[in-house]
Amino acid sequence: PAIPVRQLNWRRGYNPWGQRNRVNGGYAHFFGQRGYIDGSLSVHTFHRLVPPDEYFEDHPEYFSLIDGERQHDHGQLCLSNPDVAAAAAKTVAATLERVPASQQMRRYMVGVSQMDWLGDCQCENCLAVIEELGTYGGLQLQFVNRVAALIREDYPWATLTTLAYRQSKEPPTGEIQAADNVAVRFCTDFDASFTWP
C-alpha cells in the first residue's frame, strides 16, 4: 500500500512475520530488516529538541505558561513562539548532520512531538492559534510546519514526524495542512479500547 512506514511496537511481530508483511519502522533494523526508514528521536521529543536545562533559565518564555507562570516540569513548549521553532530546528539539524550519506537516499524521519503529559501553554498567542485552527492539534501542526520549513533547504531528504496523540489527537478545523516534509502519526493510546482488534 501507499504507506511508506509500517511499524508495530511489538518485538515478536518483526521476524519473520514482519519481513513477510514489510514492516520497516521502529526497531525493525535490529532484526536485519531494511527499508524506507531508519529514523531518529522517535516521539515525545519537545524537551530533547529544546532542553529545559539549556534554555529555561535564560528563556522561560520558550516553555508553557500554566496558571500565569512559565514552567517546564510537566509542561510543554510555547508553540506559538517562533524562537522555539528555531531552537528546535537547530537540534533537528544537528541530528541530521550525523546521518550517514548512505541513509540520506531514503526519507529519514525525525520526531517533533509533545511530551507524554499535558501541561499545554496557556499564553495569549497559543490560545489565539488554538481558537483560529480549532484544536491544540492545529497549534502543534503549525509549530512542526515552522520547524520543517527551517530545515527543508539543507535536508530535503528528511521528514519530520509528529503525533496526533492525547491533546493533539483532534484534527484542526481551521485552514492548515501538514507540510510536504511533515508526517502525522496517529496514536490510539488514549480513549482507545484494547479489548477490540
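Just so we're clear, the structure is a prediction, and the values are computed from it rather than from any experiment.

Would you explain the sheet that holds strand E3 (residues 108-111) in this entry?
Consider a sheet: its strands pair through backbone hydrogen bonds, and that pairing is either parallel or antiparallel. Taken together, 3 strands build an open sheet; the order of strands is E3-E4-E5 and the sheet is parallel. The outermost strands of the open sheet, each flanked by one partner alone, are E3 and strand E5 (182-186). For this sheet, the mean angle separating the axes of adjacent strands, direction not counted, is 35°. Summarising the sheet, E3 and strand E4 (residues 158-164) pair through 4 bridges and their orientation is parallel. In the sheet register, valine 110 faces E4, and the bridge partner there is leucine 160. Packed on one face of the sheet, helix H6 (residues 136-151) meets E4 and E5 and runs near 170° to E4.

Just checking my understanding: could you explain the packing of helix H5 (residues 124-133) against H6 for this structure?
Axes are the key here: two packed helices are described by the angle between their axes and the distance separating the axes. Closest axis-to-axis distance for the H5/H6 pair is 7 Å, and the angle between their directions is 110°. If you check the angle between H5 and H6, you find them roughly perpendicular. Judged by residue contacts, Cys126, Val129, Ile130 and Leu133 of H5 engage Tyr136, Gly138, Leu139 and Gln142 from H6. Along the lines of polarity and charge, the residues of the contact of H5 with H6 split into 6 nonpolar, 2 polar and no charged.

Procedures and definitions
Residues numbered from 1 in each chain as written. Predicted model: local features only at pLDDT ≥ 70, side-chain atom pairs only at ≥ 80, totals over all residues. Heavy atoms only, no water. Pairing = 2+ DSSP bridges. Helix = DSSP H or I, 4+ residues; strand = E, 2+ residues; numbered from the N terminus. Axes fitted to C-alpha atoms, helices over the stretch in contact; angles between N-to-C directions. Contact = heavy atoms within 4.5 Å. Parallel < 35°, antiparallel > 145°, perpendicular 65-115°, else oblique. Nonpolar A, V, L, I, M, F, W, Y, C, P; charged D, E, K, R; others polar.

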